[in-house]
Amino acid sequence: MKLEKITARYGDLTVLKDFSLELPDSGIICFFAPSGTGKTTLLNLLCGLMQPESGQILGLEHKKFAFVFQEDRLIPSLSARDNVGLVLNREHQSLAARYLSELGLSDWETATPAQLSGGMQRRVAIARAFAYAEQCGKQAVYLLDEPLKGLDEKTAQQTLHLIRRWVGGQLAFFITHDRNQARQIADLIVSFDGRPMQVLQIEQNIPQI
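Here, residues in each chain are numbered from 1, in the same order as that chain's written sequence. Residues qualify for local features only when their pLDDT is at least 70, as the model is predicted, and side-chain atom pairs are given and counted only at 80 or more; totals for whole chains, interfaces and linings, by contrast, use all residues. To obtain the side-chain values, all non-hydrogen atoms of the structure were included, while hydrogens and water were left out.

Things to note about the nonpolar core
Spelled out, the test is: To define a nonpolar core, start from buried Ala, Val, Leu, Ile, Met, Phe, Trp, Tyr and Cys residues and group those joined through side-chain atoms within 4.5 Å. Note on exposure labels: buried denotes an accessible area under 20% of the residue type's maximum, exposed denotes more than 50%, and partly exposed covers the range between, all computed with a 1.4 Å probe on protein chains only. Helix numbering and strand numbering both begin at the N terminus, where a helix is a DSSP run of H or I of at least 4 residues and a strand a DSSP run of E of at least 2. Whether two residues are in contact is decided by their heavy atoms: any pair within 4.5 Å suffices.
With 44 residues, the main nonpolar core has Val84, Val124, Phe130, Tyr142, Ile163 and Phe174 as its most contacted residues. Top contributing element to this core by residue count: helix α4 (residues 118–136), with ten residues. Beyond its immediate sequence surroundings of up to four residues, Val84 is in contact with Ala96, Leu100, Val124, Ala127, Arg128 and Ala131. Among the nonpolar cores identified, the runner-up in size contains 32 residues, and Ile6, Leu21, Leu43 and Phe67 belong to it.

And the structure:
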């Protein structure tokens, strides 16, 4: 897949200008950069939540996007299981319980977000994205915007292993500020800097998990 001469702005703030980048069609690609560089903007462009002012994105046509946002975006009035089930059709509702269980939340399926810790809410958001991706099958692309944010070290490590297994050979974009996380999970690490955003380095990586 590739981005060709993308320009994107928020008002007078230019985040990307004539930005081009070619990436593999599979594997886990980590975007690594300081806060405010434009990593989340890049994810929003990839999935169509934001349209570029100019340029084009090729290779993601007809894809479905499983997004773990920086914010958990849970519905306060729904249980953990119903928050996951909200994105699933009737035939795939059982995926909600399965992913919650794998993330250690089987005893909290009926709890509302207010009854869950911040780390538990984060895992519900992760379960929702991956359950939806399984429903979409091979058409799914994973957009993971700091997915381990707010998790303690042990839980983060367990979740990192699960993410690697769940993604399999499909395409995932993983944003992190943690170089160790990137080294553990990524097949490719792309480092950015500047505003407008520029590519500093593209590095092949052998995942450690």
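Describing the environment of His161
One can find His161 in helix α5 (residues 153–167). Linking His161 and Gln139, residues 22 residues apart in sequence, is a C-alpha distance of 22 Å.

Thoughts on a nonpolar patch on the surface
Stated formally: Two joining distances apply to patches: 9 Å for like charges and 5 Å for nonpolar side chains (Val, Leu, Ile, Met, Phe, Trp, Tyr), and every residue must have over 30% relative accessible area and no salt bridge. All accessible areas in this document rest on Shrake-Rupley with a 1.4 Å probe, and a residue is counted as covered only by the protein chains that are shown. Salt bridges are identified by distance alone: a Lys or Arg side-chain nitrogen within 4 Å of an Asp or Glu carboxyl oxygen.
On the surface, Ile75, Leu86 and Val87 cluster together to form a nonpolar patch covering roughly 230 Å² of accessible area. Residue position: Ile75 is located in the loop between β5 (64–68) and α2 (80–85).

Re the environment of Arg128
Applicable threshold: Pairs of N or O atoms within 3.5 Å make up the polar contacts considered here, provided that, within protein, one atom can donate a hydrogen while the other can accept it, and that residues adjacent in sequence are counted only when both atoms are side-chain atoms.
Residue position: Arg128 is located in helix α4. For Arg128 and Leu74, which are 54 residues apart along the polypeptide, the C-alpha to C-alpha distance reads 9.6 Å. With residues up to four places along the chain from it excluded, the contact list for Arg128 reads Asp72, Arg73, Leu74, Asn83, Val84 and Val87. A polar side-chain atom of Arg128 sits 2.8 Å from the main-chain carbonyl oxygen of Arg73.

Quick word on the sheet that holds strand β4 (residues 54–58)
The strands that make up a sheet pair up through hydrogen bonds in the backbone, lying either parallel or antiparallel. Note the threshold: Strands pair, by our definition, only if DSSP identifies at least two bridges between them. Under this scheme, a helix contributes an axis fitted over its contacting stretch, all axes are lines through C-alpha atoms, and angles between N-to-C directions fall in the 0 to 180 degree range.
Spatially, three strands are ordered β2-β1-β4 in an open sheet, and the strand pairing comes out antiparallel. Every other strand in the sheet has two partners, leaving β2 (13–22) and β4 as the edge strands with one partner each. Between one strand axis and the next, the sheet turns by 25° as a mean value, whatever way the strands run. With six bridges joining them, strand β1 (residues 2–10) and β2 adopt antiparallel strand pairing. Looking at β2, one finds that Ile6 is bridged to Phe19. Most of the contacts of helix α1 (residues 39–47) go to β1, to which it runs at about 120°, and overall it touches β1, β2 and β4.

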